[in-house]
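Residue-level listing of the chains:
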Amino acid sequence: MKIYKAHIIYTPERDRFEVLENGYVAVDDDGRVAGVGSSLKALGCDDAEVTDFGNKLLIPAMNDVHVHAAQYHNQGIAMDLELLPWLDNYTFPEEMKFGSEEYAERIYRRFVNHLWRVGTMRSVVFATIHTEGTRWLMRHFEEAGMGAMVGKVAMNRNCPPALQESVEEYVEGFESLVNEYPGSEALVRPIVTPRFIPSCTPELLRACGEMARRHNLPVQSHLSENLSEIELVSQLEPESRGYADAYHSYGLLGPQPTVMAHCVWSDEAERRLLRDNGVMVAHCPTSNLNVASGMAPVATMLREGIKVGLGSDISGGHDFSLFRVMIYAIQVSKMHYQRSGHAVPFLSLSEAFWMATKSGGSFFGRVGSFEKGYDFDALVLDDSDLYPDDYSLLQRLERIIYTGDDRHIARRYCRGREIIAPLP
Ligand code: GUN
Ligand code: FE
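Quick notes on the rules
- Residues numbered from 1 in each chain as written.
- Chains lettered and ligands numbered in written order.
- Predicted model: local features only at pLDDT ≥ 70, side-chain atom pairs only at ≥ 80, totals over all residues.
- Heavy atoms only, no water.
- Donors = N, O, S within 2.8 Å, 3.2 Å for Na, K, Ca; no water.
- Tetrahedral: all angles 85-135°; square planar, octahedral: opposite > 155°, others 65-115°.
- Helix = DSSP H or I, 4+ residues; strand = E, 2+ residues; numbered from the N terminus.
- Buried < 20%, exposed > 50% of the residue type's maximum accessible area, 1.4 Å probe, protein only.
- 1 Å grid on protein atoms, 1.4 Å probe; cavity = no way out; pocket = protein on both sides within 12 Å on 5 of 7 lines; lining within 4 Å.
- Points joined across faces, edges and corners; volume = space filled by probe spheres on them.
- Near = heavy atom within 4 Å.
- Polar contact = N/O pair within 3.5 Å; in protein donor to acceptor, adjacent residues only side chain to side chain.
- Areas by Shrake-Rupley, 256 points an atom, 1.4 Å probe, with all protein chains shown as cover.
- Sits in = over half its atoms within 2 Å of the grid points.
- Nonpolar A, V, L, I, M, F, W, Y, C, P; charged D, E, K, R; others polar.
- Core = buried A, V, L, I, M, F, W, Y, C linked by side-chain atoms within 4.5 Å.
- Contact = heavy atoms within 4.5 Å.
- Pairing = 2+ DSSP bridges.
- Axes fitted to C-alpha atoms, helices over the stretch in contact; angles between N-to-C directions.

Enquirer: Even after reading the chapter, I still don't get the coordination of the iron ion (ligand 2), so can you show me in this structure?
Expert: Reference geometry at the metal: tetrahedral coordination by four donors gives ideal angles of 109.5 degrees; octahedral coordination by six donors gives 90 or 180 degrees. Donor atoms from the polypeptide that coordinate the iron ion (ligand 2) comprise H66 (NE2), H68 (NE2), H222 (NE2) and D313 (OD), at 2.0 to 2.5 Å from the metal. Coordination at the iron ion (ligand 2) is irregular: its four donor atoms span angles of 85 to 177 degrees at the metal. Binding-site remark: the iron ion (ligand 2) is held by donors from one chain whose sequence spacing is H-x1-H-x153-H-x90-D. Taken together, the positions of H222 in strand β11 (residues 219-223) and D313 in the loop between β14 (307-310) and α12 (322-339) put the pair 91 residues apart, joining distant regions of the chain. The class of D313 is buried, set by a relative accessible area of 4%.

This is the structure in structure tokens:
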């Protein structure tokens, strides 16, 4: 058993911070929270040794539910096109480079290190079609001790031939990764990843759905991000009642845990389908702004009972930090608030924090909170340079989220283990 003492802040519910000034959290030998309380006595651990973080804050680590590892090199460039030409001109040419194992090994190492730096201990990741490259990404996560669901991407149409695989090649490559990374409790797991409907023939989409069911694996893809994309999907899938309905018809909308990125333009019927199938929406506000896709109605989705997590969506998004993504999520929701004549409320800080921690974390199991039984994924925040004495604990957290950066993250834990150094 390990005991940590700090000012503990987390969101057991969407609309509420739990704040424990000088609180304690007990972590068992499996890396799970055994209890949290305001005294050692309350935890029943009177005689345990305590790691005391003094005046620092202790919060759950960040969970990024949508990010492209193979777009790392394009971070912060190529912001002048909408989605479909953006893919053709910038993204596909970069992803083709991952046919080189040497390139994949090097860029993926930088990518994992960058996630570590910003305090993201779990992520749901797109790699590329390349099996060997994807394997490097999984190895890097494993070596780092960080959690990830890693997707070898399925694609076989509307992209350069070098980014296409046959259904058989895809299935064979994907299953080799499944065999190497079995175990639903493992920190690093494969995830079924059809890029989006325009990139995959019906045969490939069907194979993806079958694979998810056969191996009981989660699924990730993109949904209703951009208007030209949606128009293209309606041409490709004339029989379906909509974009999400098309995924549904291929067995790609549950019952396996599923995360769909963006959902900017999902109408009420589509949102109902997402809710009824327990699909998590990955809200990626930086990406939606950069690629000029629009603004996802996240406050509405939350009130409708849809699960929502946050994604950096590098490189559509420009910033790895989920602190930054929380701020953008709140700011975008304030645009909806104004445009709706105040009918739709804007997101609170606790709602944004909850999406980045407990809600997004639920995709990985019991992750993203300090309630008993949760994996101890945590960040220790040091805001000693931000005049903390002038502020309440919640104000200190708010100031770190709004004005801080990775220099304020003093320690990082994933499933109870301190992740001290990134990869060499
Ligand atoms: N839709 C299909 N592929 C992509 C991608 O790489 N990024 C974004 N933002 N949307 C996509
Ligand atoms: Fe994406």
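Now, onward.
Enquirer: When you look at empty space enclosed by the protein in this model, what are you seeing that I'm missing?
Expert: Left-over empty space is what a probe sized like a water molecule reveals as it rolls over the atoms. All told, the structure shown has one cavity of 30 Å³ or more when counted by the stated rule. By volume, the largest cavity amounts to about 110 Å³. In terms of lining, the largest cavity is formed by 14 residues, of which the most central are L83, W86, L87, H222 and E225. Looking at which element gives the most residues to the lining of the largest cavity, the answer is helix α2 (residues 83-96), with three residues.

Enquirer: Help me understand the site of ligand 1, please; the structure alone is not making it clear to me.
Expert: Taken together, H68, Q71, L83, W86, L87, R195, F196, H222, E225, H262, S287 and D313 make up the full set of residues adjacent to ligand 1. At a separation of 2.8 Å, an oxygen atom of ligand 1 approaches a polar side-chain atom of Q71. Against a free-state accessible area of 280 Å², the protein chains account for coverage of 100% of ligand 1. A majority-of-atoms criterion places ligand 1 in the largest cavity. When residues of the shell around ligand 1 are assigned to their parent elements, the largest contribution, three residues, is made by α2. A class-by-class count of the residues in the shell around ligand 1 yields four nonpolar, five polar and three charged.

Enquirer: Hey, could you run me through the nonpolar core in this one?
Expert: Generally speaking, nonpolar side chains in soluble globular proteins are found buried as a group. Core analysis: the largest hydrophobic core is formed by 113 residues, its most contacted members being F111, L137 and F141. Ranked by residues supplied to this core, first place goes to helix α3 (residues 101-117) with eight residues. Leave out the neighbours within four places in its chain, and F141 touches F111, V112, L115, S123, V125, M146, G147, A148, V150 and V188.

Enquirer: Please clarify how the sheet that holds β14 should be interpreted in this entry.
Expert: Paired through their backbone hydrogen bonds, the strands of a sheet run either parallel or antiparallel. A sheet is described by the order of its strands in space; here four strands give the open sequence β11-β12-β13-β14, paired in parallel fashion. Strands with a single pairing partner mark the edges of an open sheet, and in this sheet they are β11 and β14. When the angles between neighbouring strand axes are averaged without regard to direction, this sheet yields 30 degrees. By the bridge criterion, three bridges tie strand β12 (residues 258-262) to strand β13 (residues 280-283) in an arrangement that is parallel. The residue of β13 that forms the bridge with A261 is A282.

The values reported here are purely geometric and, on their own, carry no functional implication.
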